[in-house]
Amino acid sequence: MNLPSSLGRRISTYFYRRPTIALILLLTPPLLWLGVVYLGALFALLIESFFHLDGFTGQVVREFTLSTYGELFTPAHLDIILRTTLMAAAVTVVSIFLAFPVAYYMARYASSKVKAAMYLAVLLPLWSSYLVRIYAWKLILAKEGVFNWFITQLQLSGLLDAVLGLPVIGGPSLSLSSLGMFIVFVHIWLPYMILPIQAALERVPPSLIEASSDLGARPSQTFHHVILPLAIPGVVAGSIFTFSLTLGDFIIPQTFGNSSFFIGLAVLTNQGVAGNIPLAAAFTVVPMVIMAFYLTAAKKVGAFDAL
Amino acid sequence: MRSDPARAPLSLKIATGAVLVFLHFPIAIIVLYAFTTDEATFSFPPPGLTLKWFSVAWNRPDVWQALSLSLNVALVATGVALVLGTLLALAVHYSRFSGRDIISFLVVLPLALPGIVTGIALRSAMSLLDLPFSFWTIVLGHATFCIVVVYNNVIARLRRTAHSQIEASMDLGASSFQTFWYILLPAIATALLAGGLLAFALSFDEIMVTTFTAGQQQTLPIWIMSQLTKPRQRPVTNVVALFVVAVTFIPILISYRLTREK
């Protein structure tokens, strides 16, 4: 090619005879980036969480201590962790219920053309416009916005006010309530639940369903005893995404809700305004630990056996 | 598992349709609001429709600045991801070495971990190294999570490419470079394009990692976020939001067409 051919050939032969050197040359640049820069950064974060902030000077003291992790166990911080975990769990459960019909329809009934269109309809929001969709919900949930317009048309304002009056999920308006935040979370992460469930259902062999009905099972029995168990790996895979992404998100709690703190917001504030990077780092470790517990539990239940 | 489409229960059809509407309704709202005449609030239905805000947005230098930063970051990050992702895919596909599983895991990590983890990790590393925030720190963050997209696309294609073509090329006396240029590259070209387009869309819309690696500079998503808290002209934000949807949807649609298996 560009190299004089004899030289090019000599280099080529050299590497052909020494595949290890060729491999090292291929691997070095990406591994420098991911292994050194990225893993190094994660490691730096972990190290940082073992430092602590001196309360008097406001400086980070670079000595090993567990006191920053100790701070996580104060009631105010436990409250944040509990609230975030509950939100992530609620988002995951509702996502499963919303995702299932779509995934089931795609896998079982959709013709190949319809399936391709539906696949794209799920894929587009997954790959793009995270922020724009959040912005759209700001428009929708605003007091003068679409949602309230529909509620007024349906004459359900009384019901909405009653719901917003409830202590934990309510707030001055839907946009400023935990309920509103919850709706946005479900909307944003739903595609991550649909695709794995669809993939799992796609793998259910038709012969199993036929066998079940040949042996006298009603369609609902086939659904409960054959299809549902085989969908579990997909549900678990999807819930890993919805759970972990909700735990770590800070844009949605920043934009919606009644300004009560979530893990992501706590990280952002401690890192920025408060300048308490060790505490921010310790907070980031929390979602990772929760996810580790979640994965272990999922494994115990046997969720990965069918994968 | 397949059944006759006509036999789908009505309730299932309704539920599926409703969820799909829920998934796309906000995008429709973005399209509608880009044309609203309402300046101060988000009132629905819009009191009137106008094209005025497109020209107002066109004349806003801050929008252009954010747009050009976002485009540049996305282009450079995509370029870096293309090179690194391809190298990694070639290495993992054509060599047997211990630690291949670790590499496949490592490459997915930036996408599987919440953006905040990647963001704050890079930020603390930068502060430990006294690295000042710049264009390049944003690119660093974006390229990190874009590599996986390219890698996935290229390795999927390599697995479907017959090895016999490469052997034939070598048997006929081509050097490794010639084989790469004439056989391998054409085979993975559309996968590279598809991966690159996805990476571009991913980077163009990214905000979580960028929040931590950007310093004072505003990418387009950061600009939109700042307008959410301190709105200057709400309709301009609506127009920009519509623009971001278009810029991210189009590459994804193309990339989908390129990678669809027949």
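Scroll up for the structure.
Residues numbered from 1 in each chain as written. Chains lettered and ligands numbered in written order. Predicted model: local features only at pLDDT ≥ 70, side-chain atom pairs only at ≥ 80, totals over all residues. Heavy atoms only, no water.

## Let's talk about unusual backbone geometry
And then number 1: Backbone geometry places Q155 of chain A, a non-glycine residue, at a positive phi of 55°.
And then number 2: Structurally, Q155 of chain A can be placed in the loop between helix 7 (146–153) and helix 8 (157–164).
And then number 3: The exposure class of Q155 of chain A is exposed, given its relative accessible area of 70%.
And then number 4: Residues other than glycine seldom take positive phi values, yet D130 of chain B does so here, at roughly 55°.
And then number 5: With respect to the helices and strands, the residue D130 of chain B is situated in the loop between helix 5 (115–128) and helix 6 (135–160). (Helix = DSSP H or I, 4+ residues; strand = E, 2+ residues; numbered from the N terminus. Buried < 20%, exposed > 50% of the residue type's maximum accessible area, 1.4 Å probe, protein only.)

## Quick look at the interface of chain B and chain A
And then number 1: Between chain B and chain A, the residue contacts involve 91 residues of the former and 89 residues of the latter.
And then number 2: Summing both sides of the interface, chain B and chain A together bury roughly 8300 Å²; the carbon and sulfur share of this comes to 81%.
And then number 3: Taken together, the residues of the side of chain B that touches chain A break down into 66 nonpolar, 17 polar and eight charged. (Contact = heavy atoms within 4.5 Å. Buried area = accessible area lost by both parts, 1.4 Å probe. Nonpolar A, V, L, I, M, F, W, Y, C, P; charged D, E, K, R; others polar.)

## Description of the side chain of T16 of chain B
And then number 1: Within the secondary structure layout, T16 of chain B lies in helix 1 (residues 10–33).
And then number 2: T16 of chain B sits in the buried class, given a relative accessible area of 4%.
And then number 3: Looking at T16 of chain B, its side chain comes within polar contact range of the main-chain oxygen of P101 of chain A, at 3.4 Å.
And then number 4: In this structure the side chain of T16 of chain B is engaged in a polar contact, spanning 2.8 Å, whose partner is the backbone oxygen of L12 of chain B. (Polar contact = N/O pair within 3.5 Å; in protein donor to acceptor, adjacent residues only side chain to side chain.)

## Notes on the pattern of salt bridges
Residues and elements named next belong to chain A.
And then number 1: Summed over all chains, the structure comprises three salt bridges over all chains.
And then number 2: Between D79 and R83 there is a salt bridge; the shortest N-O distance is 3.0 Å. Residue D79 and its partner R83 are located together in helix 4 (residues 75–108), separated by four residues, close to a single helical turn.
And then number 3: On the basis of relative accessibility, which here comes to 26%, the residue R83 falls in the partly exposed class. (Salt bridge = Lys/Arg side-chain N within 4 Å of Asp/Glu carboxyl O.)

## Things to note about the nonpolar core
And then number 1: In terms of nonpolar packing, the biggest core is built from 178 residues, with Y130, L201, I251, I252 and F283 of chain A together with I30 of chain B touching the most fellow members.
And then number 2: With 15 residues, helix 6 of chain B is the single largest residue contributor to this core.
And then number 3: Residue contacts for I251 of chain A: discarding those within four places in its chain leaves Y130, L131 and I134 of chain A together with I207, M208 and M225 of chain B. (Core = buried A, V, L, I, M, F, W, Y, C linked by side-chain atoms within 4.5 Å.)

## Let's talk about the side chain of S203 of chain B
All names here are of chain B.
And then number 1: Here S203 shows up in helix 8 (residues 176–204).
And then number 2: The class for S203 is buried, based on a relative accessible area of 3%.
And then number 3: Contact partners of S203, with chain neighbours within four places excluded, come to V73, A74, A77, H142, F145 and C146.

## Focus: the packing of aromatic side chains
All names here are of chain A.
And then number 1: Per the stated rule, a full pass over the model turns up 19 aromatic pairs over all chains.
And then number 2: Note on Y104 and Y109: the rings are 6.1 Å apart at their centroids and 85° apart in plane angle, and the pair reads as edge-to-face.
And then number 3: The exposure class of Y109 is buried, given its relative accessible area of 7%.
And then number 4: Through pairs of rings, three or more aromatic residues link up here, namely F100, Y104, Y105, Y109 and F223. (Phe/Tyr/Trp six-rings, centres within 6.5 Å; stacked < 30°, edge-to-face > 60°.)

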